[in-house]
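Fold and contact review
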Amino acid sequence: MKRIYLDDVRTPVDPDWIVVRNYEQFVDTVTFHGLDQIDLISLDHDLGDSAMAEWHKNVYHNYELNYDNILEKTGMDCVKWLVNQWLDGQRVVDVVVHSANAIGSANMMGYINNYR
């Protein structure tokens, strides 16, 4: 079974993870391997410069997250895509979030937990 690690900057120490850096790589990798071959997905929320700028400007200081300020797709977009796969009958995979963005993390896990 495979494990997918989504993060634009960090790389896990364990070399068994398949590392993807953005939404497109995430979708391509999950599609290529298939959810029936994946047992764990670990997600970051902020995937790019504008997402990090939003974290520094609003999330960290004001505890507010405005997706209108983010140009790149985020881990939240990956979660929405993933839940749509589950709604279409694909195997439900365990997901953890390793993001430093507390609001983004809560949004992602809330979306997943709402599906479950």
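Higher on the page you've got the structure.
Residues numbered from 1 in each chain as written. Predicted model: local features only at pLDDT ≥ 70, side-chain atom pairs only at ≥ 80, totals over all residues. Heavy atoms only, no water.

1. Considering the environment of aspartate 88
Take aspartate 88: it is sitting in the loop between α3 (75–87) and β4 (94–97). On the accessibility criterion, aspartate 88 (65% relative accessible area) is exposed. Distance in space between the C-alpha atoms of aspartate 88 and proline 12 is 30 Å, their sequence separation being 76 residues. (Helix = DSSP H or I, 4+ residues; strand = E, 2+ residues; numbered from the N terminus. Buried < 20%, exposed > 50% of the residue type's maximum accessible area, 1.4 Å probe, protein only.)

2. Describing the packing of aromatic side chains
Within this structure, the stated rule accounts for four aromatic pairs. With centroids separated by 5.2 Å and ring planes inclined at 45 degrees, the aromatic side chains of tryptophan 55 and tyrosine 60 adopt a geometry described as tilted. Tryptophan 55 gets classed as buried once you look at its relative accessible area, which sits at 17%. Classification of tyrosine 60 by relative accessible area gives exposed; the value is 55%. Their ring planes at 45 degrees and their centres at 5.3 Å tell us that tryptophan 86 and tyrosine 115 sit as a pair that is tilted. Remark: tyrosine 115 occurs in helix α4 (residues 102–115) and tryptophan 86 occurs in helix α3; sequence separation between them is 29 residues. Relative accessible area serves as the criterion here: at 30%, tyrosine 115 is assigned to the partly exposed category. Geometry around tryptophan 17 places arginine 3 over its ring, the cationic atom sitting 4.4 Å from the centre. Cation over ring: lysine 73 sits above tyrosine 23, and NZ or CZ is 4.6 Å from the ring centre. (Phe/Tyr/Trp six-rings, centres within 6.5 Å; stacked < 30°, edge-to-face > 60°. Lys NZ or Arg CZ within 6 Å of the ring centre and 35° of its normal.)

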